[in-house]
Each structure stands twice: as structure tokens, then as C-alpha cells.
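Chain and residue survey
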Amino acid sequence: MSMPTPKAAPAFDTRLVHELADILNSTGLSEIEVERDGLKVRVAKTLAAATTVIAQAPPPQAVAAPTPVTAAPTPAPTYAGEVVKSPMVGTVYLQPQPGSPPFARAGDTVSAGQTLLLIEAMKTMNPITAPKAGKIVEFLVIDAQPVEFGEPLVVIG
């Protein structure tokens with residue numbers, strides 16, 4: 001008993017693959033597929049990323065970046081005396097009205113409750129008074145200066 005011999009596959013024509021590859025190259029296509037007589041042939045090429053660089057910034061590690069300065073937090077300045085701080089956001093005025101003498105000057109002796117300056121907030125003049133009797137060591141603000149809440153204004157010794 002003889003076994004049936006398997007049918008030989010038809011000879012594959014490699015010229016077809018070369019022709020298809022030539023078509024890919026000449027047209028700029030990335031793949032092409034052809035089917036003939038039940039034979040399907042697909043030819044594809046992978047497109048590599050362009051490696052030509054015309055101008056490029058140096059990579060980050062090649063750039064000498066400035067060394068970050070990590071300074072310790074600046075300690076709050078210390079003053080020789082009690083610091084009067086702003087209780088609000090506003091504008092400082094050192095005298096009751098323009099052209100008038102100031103409420104007080106550095107070196108003056110003040111009593112507790114005496115007005116040191118005004119802070120204008122929302123069109124309202126708010127007197128800032130001395131919390132204790134003493135000598136004004138220093139004014140830390142100037143006339144018409146905007147101030148923030150908690151900002152040091154005057155030092156009383």
C-alpha cells in the first residue's frame with residue numbers, strides 16, 4: 001500500500017518580493033500586500049526615526065547648571081525692644097495729615113496708648129498705639145508705605 005505523496009508547494013517566485021520591495025522604496029510606502037492565485041504576499045519595512053540632527057541643545061546633564069543655593073531660612077531680625085506689628089493690611093501714615101508733624105520720631109519717649117501712626121484700610125484711618133511706655137528705638141516703615149498683616153512697624157525699648 002502506498003501512501004499518497006503530498007503535493008509539492010508551488011515554487012515561490014522571489015522576484016515578486018524584490019519587485020514589491022522596489023515599489024516600497026520608490027513610492028515611500030511602508031508596506032504593500034499582493035494576492036495572486038491564492039498566494040498572499042505582504043512586504044513591509046519599518047521606518048526608523050530620523051537620526052540626523054541639524055541643531056540641538058546639549059542634553060541637560062551636559063549643561064553646567066547653576067548649583068542651587070539652599071540657604072537656611074533667614075531668621076527673623078531681632079530688635080532691641082518690643083516690636084509693634086501691623087494688625088491689618090493697609091497703608092501707613094506717620095502723621096495725622098499731610099504737612100503735619102509726625103505722631104512720633106525715633107528717640108521720642110511715648111506713653112502706653114499713645115498713637116504712633118495710622119494705617120488706612122478700606123478708606124478708614126486706624127490708629128496704631130504704643131502697647132507700653134518707652135522710647136521709640138526705630139521706625140521700620142516709611143510714610144505712605146503699604147504693609148501686610150503682622151509686618152513689623154515700630155520698635156519700642
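Structure first, text after, so check above.
This structure is a prediction, so every number in the text was calculated from the model and none was measured.

1. A short note on the overall build of the protein chain
Along its length, the protein chain carries one helix and 10 strands. When the helices and strands of the protein chain are read in sequence order from the N terminus, they spell out α-β-β-β-β-β-β-β-β-β-β. Within the protein chain, the fraction of its 157 residues that count as buried is 20%. In the protein chain, the proportion of contacts linking residues at least 24 apart, taken out of those at least 6 apart, comes to 52%.

2. Notes on the nonpolar core
If you look at the biggest cluster of nonpolar residues, it comprises 17 residues, and the most contacted ones within it are Val92, Leu116, Leu117, Leu153 and Val154. Secondary structure elements with two or more residues in this core: strand S6 (115–121), strand S8 (134–139) and strand S10 (152–156). Apart from the residues lying within four places of it in its own chain, the contact partners of Leu153 are Val84, Lys85, Ser86, Val92, Leu117, Ile119, Ile128, Glu138, Phe139, Leu140, Val141 and Val147. With five residues, the next largest nonpolar core counts Leu16, Ile32, Val41 and Val43 among its residues.

3. A look at the sheet that holds strand S7 (residues 124–129)
The four strands are arranged S7-S6-S4-S9 in an open sheet whose pairing can be described as antiparallel. Edge strands, defined here as strands with exactly one partner in the open sheet, are S7 and strand S9 (146–147). Pairing analysis gives six bridges linking S6 to S7, with the strands arranged antiparallel. Bridged to Leu117 within S7 is Ile128.

4. Observations concerning unusual backbone geometry
Phi is positive for Lys123, which is not a glycine, with a value near 65 degrees. Checked against the element boundaries, Lys123 lands in the loop between S6 and S7. Among the residues examined, Lys123 registers a relative accessible area of 76% and is labelled exposed. Unlike most non-glycine residues, Ala144 shows phi in positive territory, near 70 degrees. Along the polypeptide, Ala144 turns up in the loop between S8 and S9.

Conventions used here
- Residues numbered from 1 in each chain as written.
- Predicted model: local features only at pLDDT ≥ 70, side-chain atom pairs only at ≥ 80, totals over all residues.
- Heavy atoms only, no water.
- Helix = DSSP H or I, 4+ residues; strand = E, 2+ residues; numbered from the N terminus.
- Buried < 20%, exposed > 50% of the residue type's maximum accessible area, 1.4 Å probe, protein only.
- Contact = heavy atoms within 4.5 Å.
- Core = buried A, V, L, I, M, F, W, Y, C linked by side-chain atoms within 4.5 Å.
- Pairing = 2+ DSSP bridges.

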